[in-house]
Amino acid sequence: MSSKKGLKVLLSTSLIIPAAAVINVSDTEAASITQIESAVQKSISTSQILRRACSIEWSGDGVTRPYAEYNAAKKAYSEAVKLVNTLSSSKKQTYMAKLDESQLQIKRAAYYIDAITAGKKIEAKKHFLQGQLEQGVLSNETVKAYHELSYEIKKQAALLDRVYGVTTREAIRANFKESAEALRDELSYSVTVKMALTQVSASLEKEQNDSVLKEAKKVLMFLEVTPQETYKKQLRTEWDALKGKIPESIKDAEYKELYLLNEQLHELRELVKPGVSDAKVPVLYDSVTKLSQDIKNPASKQMFTDAIKLEMQQLQMPIEDLKLLLTTKAAAAGIPPELVKAIAITENGAFQQFTERGEVFKSPDNGYGIMQVTPLDEHDDRYDWEKAKYDIGINIETGIQILLEKWNYAGSRIPVVNDGDKEILENWYFAIMAYNGLSKFNDPNFSEDPYQLKVFNNISKWAQVNAEVINKDDLEISYNPSTGQAIFSSKMNYKTDKQTPSTQLFKKGDSIVISGAATFRDKPSTAGSGTSLAKGTRITILDGPIEDNNKYNLFSWYKVSVNGKEGYVASVGLK
């Protein structure tokens, strides 16, 4: 208390004590209050440091346990409480109220530290399971490690959920729980099958037919939807060794349908590859679709429906992959890739090789697939038409070979354009015409929209390269009265004012001085930011061609170096 307050107390009680005693009591009490306030403030300060160390929004990372900050805060709090407890109850209550925030932060920090400790226990189990998986075999030890991880996730979940603050709590979950749960869920089907196979084997030895049938159905339910191909192959081998031992007498209708569904889905998987189907696929697709729809359990039905859909999706190649296939196969044959891509989009605007059932997409005039290749008749054995139907790569190769066959007509059945250089777009006029048919339908003097003009228009519109087409008034074409076939013998050489080289035949290491403006981008996309390159800029090709996912972009991209800086330029700029 103050000196004045002390004097009032002395006078009111009429007590007479030495003046020196009054001074000593006041000084002692003042020193004690100062010490207490200092201790309380230190506790509050260290608890706030602890709070920041336990928050993702401050200095916490959701992985490191802040033991130093935690222990410092606990010590400061303990010392402050000890001093506060020496006060009278009224003053003690005031200071303890100030310390409530420190106590709260220490409690929350304990939850934070406990959560990370729990997460690290989950992480240890996850790492052990991953170590088992690295052996490449789904063993009984792997199954045991899987269950230990599952148990640890469940056991530690409550501690992970106690963390204060949504952002911090979610960060700790993401650091430990989510990846562990993802691994657990990823392996759930394969582990279920492995356990069921073990049980089938044991039950067969004990002649426990009810158990054999029950566990065999589990195998059939999950084997073909197991996502890991390595484990699926292993488990199928184990199943193949067991399935023949199951007595026919115990197989009920559900088992037989599941068995057939599994066998047919397995066969479908063997036949369907990215961009590749088979004549058997449509029938198999119809069968497995019907069998899956007959499954009574809604979740199981959906599981098989999704598996079938995922399998069939492989047939539809991503646009960028399909365009790259067109580009690389054209370049390998020495044909301007923009020309082959323009033919493909002219023939088949959807870039479609297969129907939903895996059958080849066929036009009314029996053109097959993306390049709409067509046999002359049922005896035409120039190409492997079955492969051209069911393999998109071979369909493109067949289309290119047919186009080259037409190109080679030059000088005999069709005219030569300019000097016959294959890299010049104008020189392909008559070969493109022949690809579709040498008839009046493709003669611009008889048709308003002949095939070769459609192709050149698509090159101009989508590849952004403007080649010259031969003026219809310069064409000299007659027709065989019996067959309707075009005859060019009266004029077998044509010249064009322009001679436009392909912009998509460059190779790594090529150096180009551009003849016009180009845009230098930070990624191979028109969505990327870009800077203008002036006419006369030297560009060195580092990689490419690269294709984007827009089917109407029939130009390609190249990774290039300009004055030591790397970036991307569209082929349209490489003129």
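Below or above, wherever it landed, is the structure these notes cover.

About the criteria used
Residues numbered from 1 in each chain as written. Predicted model: local features only at pLDDT ≥ 70, side-chain atom pairs only at ≥ 80, totals over all residues. Heavy atoms only, no water. Helix = DSSP H or I, 4+ residues; strand = E, 2+ residues; numbered from the N terminus. Rg over C-alpha atoms; globule rule 2.2 N^0.38 Å. Buried < 20%, exposed > 50% of the residue type's maximum accessible area, 1.4 Å probe, protein only. Contact = heavy atoms within 4.5 Å. Areas by Shrake-Rupley, 256 points an atom, 1.4 Å probe, with all protein chains shown as cover. Lys, Arg positive; Asp, Glu negative; His and termini not counted. Charge placed at Lys NZ, Arg CZ, Asp CG, Glu CD. Phe/Tyr/Trp six-rings, centres within 6.5 Å; stacked < 30°, edge-to-face > 60°. Lys NZ or Arg CZ within 6 Å of the ring centre and 35° of its normal. Core = buried A, V, L, I, M, F, W, Y, C linked by side-chain atoms within 4.5 Å. Salt bridge = Lys/Arg side-chain N within 4 Å of Asp/Glu carboxyl O. Polar contact = N/O pair within 3.5 Å; in protein donor to acceptor, adjacent residues only side chain to side chain.

## As for the overall build of the protein
Step number 1: From N to C terminus, the protein includes 17 helices and 10 strands.
Step number 2: Radius of gyration (C-alpha) of the protein: 40 Å, far over the 25 Å computed for a compact globule of 575 residues.
Step number 3: For the protein, the spread of C-alpha atoms along the three principal axes comes to 145 × 80 × 35 Å.
Step number 4: Within the span of the protein, comprising 575 residues, buried residues form 44% of the whole.
Step number 5: When contacts within the protein are restricted to residue pairs at least 6 apart in sequence, long-range pairs at least 24 apart make up 65% of them.
Step number 6: Taken as a whole, the protein presents about 29,600 Å² of accessible surface, with 52% of it coming from carbon and sulfur.
Step number 7: Here the protein holds 74 positive side-chain charges and 75 negative ones, and the gap between their average locations is 10 Å.

## Here's the deal with the packing of aromatic side chains
Step number 1: A complete count under the given rule lists 12 aromatic pairs for this structure.
Step number 2: Residues phenylalanine 555 and tryptophan 557 carry aromatic rings whose centres are separated by 5.7 Å and whose planes lie at 75° to one another, so their mutual orientation is edge-to-face. The residues phenylalanine 555 and tryptophan 557 share a single accessibility class, namely buried.
Step number 3: Each member of the aromatic cluster is reached from another via a ring pair, and the members are Tyr429, Phe430, Phe456, Phe488 and Tyr494.
Step number 4: The ring of tryptophan 58 has arginine 52 sitting right over it, with the charged end atom 5.6 Å from the ring centre.
Step number 5: For lysine 440, the ring lying beneath its charged end belongs to phenylalanine 446, and the centroid distance is 4.7 Å.

## Thoughts on the nonpolar core
Step number 1: Judged by nonpolar contacts, the single largest core of 78 residues is most densely connected at Leu129, Ile172, Leu187, Trp239, Leu268, Phe304 and Met312.
Step number 2: Here this core takes 12 residues from helix α4 (residues 89–133), the largest share from any one element.
Step number 3: Each residue touching tryptophan 239, except ones within four places of it in the same chain, is listed here: Leu197, Ala216, Val219, Leu220, Leu223, Ile246, Tyr255 and Tyr259.
Step number 4: Ala333, Val340, Val417 and Tyr479 belong to the second-largest nonpolar core, a separate cluster that totals 54 residues.

## Examining the side chain of threonine 168
Step number 1: Looking at where threonine 168 falls in the secondary structure, it is placed in helix α6 (residues 166–206).
Step number 2: Other than its neighbours up to four places away in sequence, threonine 168 contacts Cys54, Ser55, Ile56, Tyr112 and Val163.

## A look at the pattern of salt bridges
Step number 1: Using the criterion set out here, one finds 31 salt bridges in the structure.
Step number 2: Residue lysine 125 pairs with glutamate 148 through a salt bridge whose shortest N-O separation is 4.0 Å. With lysine 125 in helix α4 and glutamate 148 in helix α5 (residues 140–161), the pair connects residues that are 23 residues apart, well separated along the chain.
Step number 3: Residue glutamate 148 is classed as partly exposed on the basis of its relative accessible area, which comes to 28%.
Step number 4: A salt bridge links glutamate 405 to lysine 406; the shortest N-O distance between them is 3.8 Å.
Step number 5: Put simply, Glu224, Arg236, Asp240, Lys243, Glu263, Arg269 and Glu311 are held in one network by salt bridges that share partners.

## Re the side chain of asparagine 442
Step number 1: Here asparagine 442 shows up in the loop between α16 (429–436) and α17 (451–463).
Step number 2: At 2.7 Å, the side chain of asparagine 442 and the backbone oxygen of glycine 437 are in polar contact.
Step number 3: Contact partners of asparagine 442, with chain neighbours within four places excluded, come to Met433, Asn436, Gly437, Pro450, Tyr451 and Gln452.

## Observations concerning the environment of arginine 173
Step number 1: Within the fold, arginine 173 resides in helix α6.
Step number 2: As a C-alpha pair, arginine 173 and serine 561 span 388 residues in sequence and 44 Å in three-dimensional space.
Step number 3: A distance of 2.5 Å separates polar atoms of two side chains, one belonging to arginine 173 and the other to glutamate 170.

## Quick notes on the environment of phenylalanine 430
Step number 1: Note that phenylalanine 430 resides in helix α16.
Step number 2: The class for phenylalanine 430 is buried, based on a relative accessible area of 1%.
Step number 3: Residues phenylalanine 430 and proline 450, 20 residues apart in the sequence, show an inter-C-alpha distance of 12 Å.
Step number 4: Sequence-distant contacts of phenylalanine 430, defined by excluding residues within four places in its chain, comprise Ile414, Pro415, Val417, Leu438, Ile470, Leu475, Phe488 and Tyr494.

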